[in-house]
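A structural walkthrough
Listed below are the residues making up each chain.
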Amino acid sequence: QQQVKQSPQSLIVQKGGISIINCAYENTAFDYFPWYQQFPGKGPALLIAIRPDVSEKKEGRFTISFNKSAKQFSLHIMDSQPGDSATYFCAAINAGGTSYGKLTFGQGTILTVHP
Amino acid sequence: SAVISQKPSRDICQRGTSLTIQCQVDSQVTMMFWYRQQPGQSLTLIATANQGSEATYESGFVIDKFPISRPNLTFSTLTVSNMSPEDSSIYLCSVPATSGRNTGELFFGEGSRLTVL
């Protein structure tokens, strides 16, 4: 019940294309859903986040879509660029709970954007 | 944003030895978190390091294996004890992006990549 399932494991997109990464969760206590971007040799960096009372959040080329009834959320990267090539992790947390800072991460998606 | 420095950035260790990883933050924070990222895998919270109290460990992680120190509000150490090849991972220090709020928005260090032979 604590898992966050992420797909696909890897994704290859042409420059200018749309990258889509999907995540699903079971624990209905999760109430905050951040996405992290990790470049090789670096720690993960927060990219964008959403609360379940919002169906969509957009920041620049990055959009999160959230379907609360289906317990699914996805990251869309519009106009994908080679510099977006990285590993992307979805995550979830019970922000109202007692497990402070305890993120449950998806398995990660390795995105490669070809020029 | 917080700047988090970890040492060592990488190391190769022999089975049965112990290694201490240091984490320095450029601002005072109440809570610091240690995560593990196994090769090609996701991140898992090991423990929460609170200044002035014992660390809180997650299920599957014990103090004898991963002792943690938190001597002040900007520094913490994680020791990986009696290492085996299964301990080969990236160990990441992190702090909340917003003090006092449990948003799941964390700043991470660049990690310490340990290889145990």
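Criteria and cut-off values
In every chain, residue numbers begin from 1 and rise along the written sequence. Going through the entries in the order they are written, you letter the chains from A and number the ligands from 1. Only residues with pLDDT of 70 or above have their local features reported here, since the model is predicted, and side-chain atom pairs are shown and tallied only from 80 upward, although totals for entire chains, interfaces and linings are computed over all residues. Side-chain descriptors were evaluated using all non-hydrogen atoms of the structure, hydrogens and water having been removed beforehand. Only runs of H or I of at least four residues qualify as helices and only runs of E of at least two qualify as strands under DSSP, and these elements are numbered from the N terminus. Computation of the radius of gyration draws on C-alpha atoms alone. For the globule rule, the value is 2.2 Å times the number of residues to the power 0.38. Here the term buried applies to any residue with accessible area under 20% of the maximum for its type, exposed to any over 50%, and partly exposed to those in between, with areas from a 1.4 Å probe on protein chains only. Any two residues whose heavy atoms approach within 4.5 Å at even a single point are treated as in contact. Computed with a 1.4 Å probe, the accessible areas rest on the Shrake-Rupley method; for each residue, only the protein chains presented here act as cover. Asp and Glu are treated as the negative residues and Lys and Arg as the positive ones, with His and the ends of the chain left uncounted. Taken as the charge location is NZ of Lys, CZ of Arg, CG of Asp or CD of Glu. Here, any two strands with at least 2 DSSP bridges between them count as paired. Two cysteine sulfur atoms make up a disulfide if the distance between them is within 2.5 Å. Lines are fitted to the C-alpha atoms to define the axes, a helix being fitted only along its stretch in contact, and any angle between axes, read from their N-to-C directions, falls within 0 to 180 degrees. A carboxyl oxygen of Asp or Glu within 4 Å of a side-chain nitrogen of Lys or Arg is what we treat as a salt bridge.

To continue, consider the overall build of chain A. The secondary structure content of chain A amounts to zero helices and eleven strands. The N-to-C order of helical and strand elements in chain A reads β-β-β-β-β-β-β-β-β-β-β. Rg of the C-alpha trace for chain A: 14 Å, near the compact-globule value of 13 Å for 115 residues, within the 12% margin. Taken along the three principal axes of its C-alpha coordinates, chain A extends 45 × 30 × 20 Å. Expressed as a percentage of the 115 residues in chain A, the buried residues total 45%. In chain A, the proportion of contacts linking residues at least 24 apart, taken out of those at least 6 apart, comes to 55%. In the structure as shown, chain A presents an accessible area of about 5500 Å², 50% of it carried by carbon and sulfur atoms. Computing the positive centroid from 10 side-chain charges and the negative centroid from 7, chain A places the two 4 Å apart.

A regular strand places its side chains on the two faces of the sheet in alternate fashion. All names here are of chain B. Side-chain alternation along strand E1 (residues 4-7) places Ile4 and Gln6 on a buried face and Ser5 and Lys7 on a face that remains uncovered. Two elements, E1 and strand E3 (residues 19-25), share four bridges in a ladder whose sense is antiparallel. Counterpart to Lys7 in the pairing with E3 is Gln22.

Enumeration according to the criterion identifies two disulfides over all chains in this entry. Between Cys23 of chain A and Cys90 of chain A runs a disulfide, and the two sulfur atoms are separated by 1.9 Å. Between Cys23 of chain A and Cys90 of chain A the sulfur-sulfur dihedral comes to about -100 degrees; the bridge is accordingly left-handed. Of this pair, Cys23 of chain A sits in strand E3 (residues 19-25) while Cys90 of chain A sits in strand E9 (residues 86-92); the two residues are 67 residues apart in sequence, bridging distant segments of the chain. As far as the burial class goes, Cys23 of chain A and Cys90 of chain A line up, both buried. In this model Cys23 of chain B forms its disulfide with Cys93 of chain B; the gap between the sulfur atoms is 1.9 Å.

Looking now at the sheet that holds E1 of chain B. Residues and elements named next belong to chain B. Pairing is antiparallel in the open sheet, where four strands are placed in the order E1-E3-E8-E7. The open sheet has two edge strands with one neighbour each: E1 and strand E7 (68-72). When strand polarity is set aside, the average angle formed by the axes of neighbouring strands in this sheet is 15 degrees. Both E3 and strand E8 (residues 75-80) contribute to a ladder of six bridges, which runs antiparallel. When the bridges of E8 are listed, Cys23 appears paired with Ser76.

What follows deals with the pattern of salt bridges. The tally for this structure, following the rule as stated, stands at six salt bridges over all chains. Where Lys42 of chain A meets Glu110 of chain B, a salt bridge forms, and the shortest distance between an N and an O atom there is 2.9 Å. Here the residue Lys42 of chain A occupies a position in the loop between strand E4 (33-38) and strand E5 (45-50), and Glu110 of chain B occupies one in the loop between strand E10 (106-108) and strand E11 (112-116), the pair thus bridging two chains. Residue classification places Lys42 of chain A among the partly exposed positions, given a relative accessible area of 40%. For Glu110 of chain B, a relative accessible area of 44% gives the class partly exposed. Here Lys102 of chain A makes a salt bridge to Glu58 of chain B, at a shortest N to O gap of 2.9 Å.

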